[in-house]
Amino acid sequence: MSELTSISHSNHDDHHHHHKETFITKYIFSQDHKMIAKQYLILGVLFMGFIGVAMSLLFRLQLAWPEQSFAVFDIFLGDWAPEGVMDPNIYLALVTIHGTIMVFFVLTAGLSGTFSNLLIPLQIGARDMASGLLNMISFWLFFLSSMIMLASLFVEAGPAAAGWTIYPPLSALPQTQPGSGMGMTLWLISMAIFVASSLLGSLNYIVTVINLRTKGMSMFRLPLTIWAFFVTAIIGVISFPVLLSAALLLIMDRSFGTSFFLSDIFVQGEVLHYQGGSPVLFEHLFWFLGHPEVYIVLLPALGITSEIIATNSRKPIFGYRAMVASILAIAFLSTVVWGHHMFISGMNPFLGSVFTFTTLLIAIPSAVKAFNYITTLWKGNLQFNPGMLFSIGLVSTFITGGLTGIILGDSTLDINIHDTYFVVAHFHLVMGISALYGLFAGVYHWFPKLFGTMMNKNLGYIHFWITAISAYGVFFPMHFIGMAGLPRRYYTNTAFPYFDDLANINVVITVFALLAGAAQLVFLYNFIHSMFFGKKAEQNPWRSNTMEWTAPVEHIHGNWPGEIPHVHRWAYDYSKPGQDEDFVLQTTPIQKGEIETEH
Amino acid sequence: MTLLLTLAILILTGVAFWQISKIFELSQMGRKKDDSQIATEKDNDLNGKLMFAFLVFIYAVTIYSFWSYSKVLLPESASAHGPAYDTLLWISFAIILFAQTITQAVLHVFAYKYRGINNRKAYFYTHNNTLEFVWTIIPAIIFFVLIIYGMVTWGNIMNIEEDEDALVIELYAQQWNWKARYGGEDNVLGDANVRFLNDFDGRNSVGIDSSDPNGMDDIVVTQEFHLPVDRKVIFKFRSQDVLHSAYMPHFRAQMNCVPGMITEFSFTPTITTADMRMNSDVVDKVNRINKIRYENSKELTANGEEALEPYQFDYLLLCAKICGASHYNMQMKIVVESEKDYEKWLSQQKTFSEIIQ
């Protein structure tokens with residue numbers, strides 16, 4: 001740590017000659033934030049993302065054509081799909097692991113890991129993270145956690161299958177479902193390591209933002225990306241330890257006979273010894289992380305979008321301080337709304353009123369953010385690069401998905417749509433699709449910074465438009481099957497003739513899901529192809545204001561040759577009157593006669 | 001067959017993408033070489049117009065969904081608190097649809113209208129405190145009203161007074177079925193615990209404590225349970241193994257069943273099963289379902305399998321909390337009928353003391 005701190009303050013030109021780098025220190029056990037960002041991107045987003053999305057396509061096939069034989073099931077699921085027909089237990093396992101991978105591995109570790117690591121040092125003007133070593137350990141813990149989660153897919157009785165929320169007693173007792181045996185043990189170990197990885201990363205981000213900003217980079221000159229990453233890290237540090245404690249207590253109940261979450265249970269003809277625990281306690285602990293987690297996923301995406309929308313509108317982000325204030329308000333409120341997942345869990349109805357109140361409050365800063373994005377577009381000169389399309393797409397799905405939150409956050413209305421497909425539609429739009437759009441926007445926008453090459457824009461356009469259409473095609477009809485009364489996590493709805501007329505809607509949804517899946521292959525191809533054969537990038541291809549574009553295209557250890565540039569203005573002087581260009585780098589001094597933008 | 005079809009679709013889509021990208025590449029060749037991969041004026045124009053088209057698409061999907069899928073939604077509520085629930089739902093929906101229509105329009109129209117043109121300078125506009133105050137305060141007022149309205153409704157629904165006249169029923173969940181227990185003559189449920197489940201060679205199916213005299217006249221039923229119309233019912237929920245959720249969508253009612261504790265919900269059924277079967281929405285739905293079942297039966301009988309039985313409407317109790325392999329098939333029929341029919345049905349059931357004899 002002391003070595004790197006000294007590098008950060010080094011004014012000498014020769015800092016990047018300090019280390020002799022071998023293949024292993026450069027590409028594998030690297031402490032360089034840019035390399036670690038790439039590692040997160042490839043493992044967390046591309047690899048885990050591919051698995052998570054592929055799983056969803058498998059269970060979508062089952063939902064559209066229930067209990068039919070598919071060769072893909074035979075190939076990928078083997079004994080769990082006798083003669084190609086999916087087993088109900090493995091359906092639940094697929095749903096569980098899809099949720100776990102997408103929420104934690106792709107949209108938490110993948111998203112924050114990639115962009116916080118890449119952008120925090122580069123946009124605040126630091127040589128590297130505060131601790132390169134902790135950063136490296138954080139990534140390798142994430143690697144270990146991913147490998148354990150993937151290993152759980154090969155356990156004989158199948159991976160964890162109690163839903164990504166792993167409510168006990170289902171997750172605690174192997175007698176209640178096969179997935180709660182070895183699969184659940186591995187799930188818990190994997191997540192415990194994941195939390196450790198996430199904490200190390202978050203602490204590093206917080207310390208770096210507070211301590212290593214370059215001269216002139218005051219907190220209110222930070223780009224909104226950094227504000228979002230910074231606040232996200234704080235929420236993570238506050239809430240992830242609670243998930244860890246829940247996981248540890250669950251491990252105790254499972255393996256050492258304690259009764260934290262279990263009481264009065266009778267399974268397979270046997271009265272179990274557990275007395276006095278409560279599953280509701282687990283729900284409280286889980287959602288104390290689980291709800292802030294939504295914002296851990298979403299805030300970085302919103303930060304990325306703020307930056308990309310401003311750059312490509314050639315306009316300052318509208319209401320910078322209101323944007324910062326709403327990030328802070330969302331972060332605070334996110335820690336006091338968890339009970340809205342538990343309106344009908346058996347907790348005191350009075351608490352339901354309290355959580356309804358806090359939950360609907362969170363809609364206010366969210367609305368402010370949406371309005372500010374829209375106003376940023378007003379009278380802009382919009383450059384429709386693929387990153388810009390995904391950012392506007394995010395605002396659109398954020399509004400559509402967010403609005404139905406007004407229904408779900410109301411304890412009364414939650415009664416009849418709780419745990420139905422309405423919920424699935426809501427959170428996929430507002431956090432799943434929106435955060436993925438933010439992620440894609442970020443990849444298209446910072447690809448030149450990551451790999452020194454440009455992604456193909458035409459493939460980017462194809463990727464966006466097909467994804468945008470299929471996202472609505474999948475999730476819009478889903479609200480209706482939820483309001484028709486169909487509970488989620490049903491292996492098939494053929495057991496209820498009452499739901500027979502929903503079968504056609506399920507087919508429509510699956511067709512759009514397959515289309516969306518195919519569109520992601522275009523992205524994957526574009527990514528890999530551009531990495532190796534893409535056009536060489538200019539230093540500042542999007543004519544952006546932020547500091548990362550003052551660093552050379554080739555990655556060097558320490559980011560800038562020579563002194564770190566100083567910052568003289570905020571990040572959003574786009575199209576400022578009196579300037580020759582429609583952008584002014586943050587590192588450009590205020591000229592004679594120019595007034596610093598009041599924001 | 002569907003497999004082949006799916007594979008064919010996937011392969012064809014793949015080929016289509018490959019071809020489209022080829023066409024894009026070829027179309028670039030003749031022109032002045034611009035491979036900077038940064039949006040040009042032409043790209044801005046095309047994508048700006050597509051943004052407008054996308055707004056039309058969102059509206060079309062919304063209108064189509066409401067027009068075509070509204071008919072699958074739940075029919076008129078069959079409980080006393082249901083109309084209040086439905087009113088709040090549709091008021092919230094009206095607000096949401098209004099906000100959605102306006103904001104999506106503004107977003108996409110701006111995206112279309114301000115699509116980039118070379119050499120045009122954007123308007124430098126950093127903030128406007130009045131504007132921001134206005135659009136903080138307007139949602140705040142709307143949400144405040146919704147919160148108050150919601151809280152009052154919630155308070156009414158969840159306020160379970162132990163009223164003398166109310167019928168007390170226990171819904172008992174286990175992997176993967178439901179049982180219902182009535183208090184019998186005294187309308188009082190006897191004490192129960194999972195410890196007693198193995199008493200009387202397993203005939204004590206919900207674990208009634210045989211030393212509690214209140215339990216001797218209790219009645220436990222499976223498959224279906226009956227409710228008298230227009231009488232308040234207080235439900236007590238128990239589970240013997242994992243979390244379940246007792247979901248009765250037609251009555252706008254749901255509550256989790258938690259091992260180790262007793263949870264409660266209460267409603268008054270207002271429409272008998274027989275009357276609900278006459279409801280025009282239900283009649284339409286049943287006809288639609290039977291048409292689908294008839295079509296599916298043709299395929300089945302062609303393969304030498306049994307045809308599907310025609311469907312008749314019944315109120316349902318479902319499980320809405322993931323609970324293992326047969327979560328998808330954990331159901332019980334609810335029959336709402338006149339007090340007289342209900343009494344008659346109940347008198348035909350065996351009491352606990354009769355069962356354990």
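Note that this is a predicted model, so its numbers are computed, not measured.

Colleague: Whenever I open this one, the overall build of chain A confuses me. Can you help?
Modeller: Summing up its helical and strand segments, chain A has 17 helices and two strands in all. For a compact globule of 599 residues, the expected C-alpha radius of gyration is about 25 Å, and chain A comes in at 24 Å, within 12% of that figure. When its C-alpha atoms are laid out on the principal axes, chain A stretches across 85 × 50 × 50 Å. Per-residue burial over chain A gives 66% buried out of 599 residues. Partitioning the contacts of chain A with sequence separation of at least 6, the portion at a separation of at least 24 is 80%.

Colleague: Is there a simple way to explain the interface of chain B and chain A in this structure?
Modeller: Interfaces are often sized by the accessible area lost when the parts come together. Taken together, the contact between chain B and chain A spans 110 residues of the former and 121 residues of the latter. Counting residues per element, the ones that place at least two in the side of chain B that touches chain A are helix 1 (2–30), helix 2 (41–69), helix 3 (82–113), helix 4 (129–158), strand 6 (244–248), strand 7 (253–257), helix 6 (280–302) and strand 9 (315–319) of chain B. If you tally residues by element for the side of chain B that touches chain A, the top one is helix 4 of chain B, at 14 residues. Across the side of chain B that touches chain A, the residue classes tally to 64 nonpolar, 33 polar and 13 charged.

Colleague: Sorry if this is basic, but what is going on with the sheet that holds strand 10 (residues 331–337) of chain B here?
Modeller: Strand pairing in a sheet relies on backbone hydrogen bonds. The paired strands run either parallel or antiparallel. All names here are of chain B. The sheet built from five strands is open, its strands ordered 4-10-9-6-7 with mixed pairing. For this open sheet the edge positions go to strand 4 (224–228) and strand 7, each flanked by a neighbour on one side alone. Between one strand and the next, the sheet's axes are offset by a mean angle of 20°, whatever the strand orientation. By the bridge criterion, four bridges tie strand 9 to strand 10 in an arrangement that is antiparallel. Bridge assignment links Leu318 to a residue of strand 10, and that residue is Gln331. Along the sheet, helix 7 (residues 339–347) makes contact with strand 4 and strand 10, crossing strand 4 at roughly 140°.

Colleague: How do you make sense of the sheet that holds strand 3 (residues 219–222) of chain B when you look at a structure like this?
Modeller: Residues and elements named next belong to chain B. Judged by pairing direction, the sheet is mixed, and its five strands sit side by side in the order 3-2-1-5-8 without closing on themselves. Strands with a single pairing partner mark the edges of an open sheet, and in this sheet they are strand 3 and strand 8 (263–267). The mean angle between the axes of side-by-side strands here comes to 25°, regardless of whether they run parallel or antiparallel. By the bridge criterion, four bridges tie strand 2 (residues 177–182) to strand 3 in an arrangement that is antiparallel. Directly across from Lys179, in strand 3, lies its bridge partner Thr222.

Colleague: Would you explain the packing of helix 13 (residues 386–408) of chain A against helix 16 (residues 457–483) of chain A in this entry?
Modeller: How two helices sit against one another is set out by the angle between their axes and by the gap between those axes. All names here are of chain A. Between helix 13 and helix 16, the least distance of the axes is 10 Å, while the angle of their chain directions is 10°. In terms of their interaxial angle, helix 13 and helix 16 are classed as roughly parallel. Between helix 13, through Pro386, Leu389, Phe390, Gly393, Thr397 and Thr404, and helix 16, the contact on the second element is made entirely by Lys457, Gly460, Tyr461, Phe464, Ala468, Ala471 and His479. For the contact of helix 13 with helix 16, the class distribution of residues is seven nonpolar, five polar and one charged.

Colleague: Which parts of the structure should I look at to understand the confidence of the model for chain A?
Modeller: Fine structural detail should not be taken from predicted coordinates in areas where pLDDT scores are low. In the predicted model, chain A carries a mean pLDDT of 93, and 97% of its residues have values of at least 70. Every residue in residues 1–17 of chain A is under pLDDT 50, and counting partners more than four places away or in other chains gives 20 contacts.

Colleague: Please clarify how the domain arrangement of chain B should be interpreted in this entry.
Modeller: Residues and elements named next belong to chain B. Annotation of chain B at the domain level lists domain 1 (39–158) and domain 2 (167–276 + 310–356). One C-alpha centre belongs to domain 1, the other to domain 2; they are set 42 Å apart. Facing eight residues of domain 1, the contacting portion of domain 2 comprises 13 residues. A class-by-class count of the residues in the side of domain 1 that touches domain 2 yields four nonpolar, four polar and no charged.

Colleague: I tried to follow the packing of helix 5 (residues 88–124) of chain A against helix 7 (residues 182–211) of chain A on my own but got confused; where do I start?
Modeller: Residue and element names in this part refer to chain A. Remark: helix 5 packs on helix 7, axes separated minimally by 11 Å, with the N-to-C direction vectors making an angle of 20°. When the axis of helix 5 is compared with that of helix 7, the two are roughly parallel. As helix 5 runs across helix 7, the sense of the crossing is left-handed. Between helix 5, through Phe104, Thr108, Ala109, Ser112, Gly113, Ser116, Ile120, Pro121 and Ile124, and helix 7, the contact on the second element is made entirely by Phe194, Ser198, Gly201, Tyr205, Thr208 and Val209. Tallied by class, residues from the contact of helix 5 with helix 7 come to eight nonpolar, seven polar and no charged.

Colleague: Is there a simple way to explain helix 3 of chain B in this structure?
Modeller: At 3.6 residues per turn, the α-helix brings residues three or four places apart onto the same side. For helix 3 of chain B, spanning 32 residues, the distance from its first C-alpha to its last is 45 Å, which sits close to the expected 46 Å at 1.5 Å a residue. Of all the residues in helix 3 of chain B, the buried ones are Gly82, Tyr85, Leu88, Ser92, Gln100, Thr103, Gln104, Leu107, His108, Phe110, Ala111 and Tyr112 of chain B. Among the structural elements, helix 12 (363–377), helix 13 and helix 14 (411–417) of chain A together with helix 2 and helix 4 of chain B are those in contact with the buried residues of helix 3 of chain B.

Colleague: Is there a simple way to explain the pairing of strand 5 (residues 233–239) of chain B in this structure?
Modeller: Along any regular strand the residues' side chains alternate between the sheet's two faces. Residues and elements named next belong to chain B. Within strand 5, five of the seven residues are buried, which leaves the element mostly enclosed by the surrounding structure. The pairing of strand 5 with strand 8 spans five bridges and is antiparallel. Each bridged residue has a counterpart across the sheet, and for Ile234 the counterpart in strand 8 is Ser266.

Colleague: Can you walk me through the domain arrangement of chain A in this structure?
Modeller: Residues and elements named next belong to chain A. Taken domain by domain, chain A comprises domain 1 (1–11 + 33–217) and domain 2 (539–599). Between domain 1 and domain 2, the residue contacts involve 13 residues of the former and 13 residues of the latter. Here the side of domain 1 that touches domain 2 gets four residues from one element, more than from any other, and that element is helix 5. Taken together, the residues that form the side of domain 1 that touches domain 2 break down as five nonpolar, five polar and three charged.

Colleague: Explain helix 6 (residues 132–151) of chain A to me, please; I cannot follow it from the model alone.
Modeller: Between its first and last C-alpha atoms helix 6 of chain A spans 29 Å; for 20 residues at 1.5 Å apiece the expected length is 28 Å, and the two agree. For helix 6 of chain A, the complete set of buried residues consists of Gly132, Asn135, Met136, Ser138, Phe139, Leu141, Phe142, Ser145, Ser146 and Met149 of chain A.

Colleague: Just to check I follow, could you spell out the environment of Phe357 of chain A for this structure?
Modeller: Structurally, Phe357 of chain A can be placed in helix 11 (residues 349–361). The spatial distance from the C-alpha of Phe357 of chain A to the C-alpha of Glu67 of chain A is 43 Å, given a sequence separation of 290 residues.

Colleague: What is the right way to look at the pairing of strand 6 of chain B in this model?
Modeller: Residues and elements named next belong to chain B. Among the five residues of strand 6, five are classified as buried, and the element is accordingly described as predominantly covered. Going residue by residue along strand 6, you find His244, Ala246 and Met248 tucked away on one face and Ser245 and Tyr247 tucked away on the opposite face as well. Where strand 6 and strand 7 come together, five bridges link them in antiparallel fashion. Residue His244 lies in a different strand from strand 7, and its bridge partner there is Cys257. Connecting the antiparallel pair strand 6 and strand 7 is a turn made up of four residues, with Arg252 showing a positive phi of about 55°.

Calculation notes
Residues numbered from 1 in each chain as written. Chains lettered and ligands numbered in written order. Predicted model: local features only at pLDDT ≥ 70, side-chain atom pairs only at ≥ 80, totals over all residues. Helix = DSSP H or I, 4+ residues; strand = E, 2+ residues; numbered from the N terminus. Rg over C-alpha atoms; globule rule 2.2 N^0.38 Å. Buried ≥ 20, exposed ≤ 12 C-beta atoms within 10 Å, placed from the backbone. Contact = placed C-beta atoms within 7 Å. Nonpolar A, V, L, I, M, F, W, Y, C, P; charged D, E, K, R; others polar. Pairing = 2+ DSSP bridges. Axes fitted to C-alpha atoms, helices over the stretch in contact; angles between N-to-C directions. Parallel < 35°, antiparallel > 145°, perpendicular 65-115°, else oblique. pLDDT = per-residue confidence, 0-100. Domains from an automatic or database assignment. Left-handed = near helix turned anticlockwise from the far one by under 90°. Expected span 1.5 Å × (residues − 1).

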